[in-house]
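So you can see what is in the structure, the chains are spelled out below.
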Amino acid sequence: MDNSLAGKTALVTGGSRGIGRAVAKVLYHAGARVIICGRDPKSLIAAAKEIGEIICVPADVRKDVKKLFRVVDRLDILVNNAGGMEHYGGFEKTGLDAWRSTFELNLFSAVEVTRAALPLLRKSKGCIVNIASDVGRRPFDMGPDYCAAKAGLISLTRYLAAELAPVRVNAVAPGPVVTGSWSPADIRKAASRTLMKRTGTTEEVASAVLFAVKCGYLNGAVCGVDGGAVRTP
Amino acid sequence: MKAPSRSRAPELPLAGKVALVTGGSRGIGAAVARAFAAAGAKVAINYRKSRDEAQATADSFGGAALKGDVGREADSLIAAVVKNFGRLDILVNNAGRSDPKAWTEDLDAVTDEMWDEVLDTDLRGTFRCSRAAARVMKQGKIINVTSIPALTGEREAIVYSIAKAGVLGMTKSLAMLLAPRIQVNCMALGSVETGWVEWLTPAQRKSYASAIPVGRFGKPDEVGQLALFLAESDWVTGQTYVLDGGEARV
């Protein structure tokens, strides 16, 4: 069995569900001590039941970062996964409050968590993996605010890769992965924009995160895991 | 409630797979071949001139060494892999020319011979091997090798950057043409401890390394890690994975 992360501590934000849960699971099975945080206590418990002996912290990354880092005592791997689409509309229907809310959830939360984690990550010469999105590389009709926030997260990744060294910073940019309640029509539409003509699995994204954690020369990279939906940098 | 166990049944990820790594006698190619063999694949490496070195590398992991010029003999090379191992699942187009003479800032020093030599191997070889492999693969992976100058340009490497930029475009087009049967990706490598890094003086090495955020050159085994990830990933295609220690950030 893979025990390559034995002795390492990982924090996965939004780790109770979806991609975050799969990431927590793969890091756990590679031997890491895993801390997850999430807003919903029930999902946190369900994640622990599925994965095993992990540490669960009920916390909203938009406002509970201080509280979260009272639990995080050491840190080698930070996965900024928390995020999501709160609404869905074109540019004219997306007001500035919606933009602010999307940026709070998808970009500023990662900034705050990273700032709080940095002293621990510098001490451990650790690494950060940001979960971006294929629409952050090439905008698609997922709302202008969401696309721009994810593009911001990608830019932040590349910026920090230079400034924070030797702490490595990479992004994984997933394409359409069905995690919530998607309609069959939504799934078909999402699958059709990939070359593989299918949506991805949370495990496929988690494998890329594990690779990014383990490969010591990967830094400032944006790892597309999207069935070929986006092929630009 | 009993917590799930961490242990999983040991299973080599590439068990039953056959891989060909072109230009596999040393350096990056040899490291990729070793990584695949350690993951359970049967591995053939290809060489053009260095027979003894290639054979020693292949022997080190129980693989085969196959002679052939990828720009001219791709079809017979792929046929030889199938003859030896019965199938082909993974092709790594690693063969490339590394001639110090082709590294120059003087445009007038670029000769047609340099152009032909570099493009014949790095570009035509990658295309011909990929096409031949796609004919025999049921499902599979093609992994190409490109380099940072293809993305950013490089004063001393115009011919090389042209060839490697061609590989970028070829990767994406092949990914579209061969989906969903075959996944095609490329590794855009920065400064890895092989090839041109070996030509540098100690002072140059120090200066180059200091421009890399992680503060060092990459190791061939780290390229092996990336190649293995791509060889195992069924939902990654048409992608360019930059592996450069954070030097380019593109």
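So, how was this worked out
Residues numbered from 1 in each chain as written. Chains lettered and ligands numbered in written order. Predicted model: local features only at pLDDT ≥ 70, side-chain atom pairs only at ≥ 80, totals over all residues. Helix = DSSP H or I, 4+ residues; strand = E, 2+ residues; numbered from the N terminus. Buried ≥ 20, exposed ≤ 12 C-beta atoms within 10 Å, placed from the backbone. Contact = placed C-beta atoms within 7 Å. Rg over C-alpha atoms; globule rule 2.2 N^0.38 Å. Nonpolar A, V, L, I, M, F, W, Y, C, P; charged D, E, K, R; others polar. Pairing = 2+ DSSP bridges. Axes fitted to C-alpha atoms, helices over the stretch in contact; angles between N-to-C directions. Right-handed = clockwise from strand over helix to strand, strands pointing away. pLDDT = per-residue confidence, 0-100. Core = buried A, V, L, I, M, F, W, Y, C linked by C-beta atoms within 7 Å. Expected span 1.5 Å × (residues − 1). Bend = angle between axes of the 7 residues up to and from the residue.

### Description of the overall build of chain B
Logical step 1: Helices and strands together make up the secondary structure of chain B, namely eight helices and seven strands.
Logical step 2: Across its three principal axes, chain B shows a C-alpha extent of roughly 65 × 50 × 40 Å.
Logical step 3: Taking all 250 residues of chain B together, 53% fall into the buried category.
Logical step 4: Taking the contacts inside chain B whose residues are at least 6 apart along the sequence as the reference set, 72% of them involve residues at least 24 apart.

### Regarding the overall build of chain A
Logical step 1: Each helix and strand in chain A was counted, giving eight helices and seven strands.
Logical step 2: Radius of gyration (C-alpha) of chain A: 17 Å, near the 17 Å computed for a compact globule of 233 residues.
Logical step 3: Principal axes of the C-alpha set define a box for chain A whose edges measure 45 × 40 × 40 Å.
Logical step 4: Looking at the 233 residues of chain A, the share that counts as buried comes to 56%.
Logical step 5: Looking at chain A alone, contacts between residues at least 24 apart form 71% of all its contacts between residues at least 6 apart.

### Notes on the interface of chain B and chain A
For interface size, the figure often reported is the accessible area lost on association.
Logical step 1: Facing 35 residues of chain B, the contacting portion of chain A comprises 35 residues.
Logical step 2: Of all the secondary structure elements, the ones that give two or more residues to the side of chain B that touches chain A are α6 (158-178), α8 (220-232) and β7 (240-243) of chain B.
Logical step 3: Class assignment for the residues of the side of chain B that touches chain A results in 18 nonpolar, 11 polar and six charged.

### Considerations on the sheet that holds strand β2 (residues 42-47) of chain B
Residue and element names in this part refer to chain B.
Logical step 1: Judged by pairing direction, the sheet is parallel, and its seven strands sit side by side in the order β3-β2-β1-β4-β5-β6-β7 without closing on themselves. Both edges of this open sheet fall to β3 (64-67) and β7, since each of them pairs with a single strand only. Strand-to-strand twist across the sheet, computed as the mean angle between neighbouring axes with direction ignored, equals 20°.
Logical step 2: Pairing between strand β4 (residues 90-93) and strand β5 (residues 140-147): four bridges, direction parallel. Within the sheet, the bridge partner assigned to Asn 93 lies in β5 and is Asn 144.
Logical step 3: Along the sheet, helix α1 (residues 27-38) makes contact with β1 (18-21), β2 and β4, crossing β2 at roughly 165°.
Logical step 4: Contacts from helix α4 (residues 112-136) reach β4, β5 and β6 (182-189), with the element oriented near 175° to β4.

### Re the pairing of strand β2 (residues 33-38) of chain A
Residues and elements named next belong to chain A.
Logical step 1: Among the six residues of β2, six are classified as buried, and the element is accordingly described as predominantly covered.
Logical step 2: Across the two faces of β2 the burial is the same, with Arg 33, Ile 35 and Cys 37 and Val 34, Ile 36 and Gly 38 all buried.
Logical step 3: Relative to β2, strand β1 (residues 9-13) runs parallel, the two being bridged by five bridges. Paired with Val 12 across the two strands is Ile 36, which belongs to β2.
Logical step 4: Taken together, β1, helix α1 (residues 18-29) and β2 form a β-α-β motif whose crossover is right-handed.

### Here's the deal with the confidence of the model for chain A
Logical step 1: Per-residue confidence for chain A gives a mean pLDDT of 97; residues scoring 70 or more make up 100%.
Logical step 2: The lowest-confidence element of chain A is helix α7 (residues 184-192) of chain A, averaging 95 in pLDDT; the highest-confidence one is strand β5 (residues 127-131) of chain A, averaging 99.

### Structural notes on the nonpolar core
Logical step 1: Within the largest apolar cluster, 152 residues are counted, with the highest numbers of intra-cluster contacts made by A:Leu27, A:Val172, A:Val209, B:Phe36, B:Met187, B:Ala227 and B:Leu243.
Logical step 2: The greatest single-element share of this core, amounting to nine residues, is contributed by α6(B).
Logical step 3: The contact partners of A:Val172, leaving out residues within four places of it in the chain, are A:Val129, A:Ile131, A:Ala132, A:Val205, A:Ala208, A:Val209, A:Ala212, A:Cys223 and A:Val225.

### Observations concerning the pairing of β1(A)
Logical step 1: Of all five residues in β1(A), five are buried, a share of seventy percent or more.
Logical step 2: Residue alternation in β1(A) divides its side chains into two sets, A:Thr9, A:Leu11 and A:Thr13 and A:Ala10 and A:Val12, and both sets are buried.

### A few points about α4(B)
All names here are of chain B.
Logical step 1: The terminal C-alpha atoms of α4, which comprises 25 residues, lie 34 Å apart, in line with the 36 Å expected from a rise of 1.5 Å per residue.
Logical step 2: The largest bend in α4 comes to about 40°, at Asp 120.
Logical step 3: Turning to α4, its buried residues number three or more, namely Val 118, Thr 121, Asp 122, Leu 123, Gly 125, Thr 126, Arg 128, Cys 129, Ser 130, Ala 132 and Ala 133.
Logical step 4: Elements in contact with the buried residues of α4: α3 (74-85), β4, β5 and α6.

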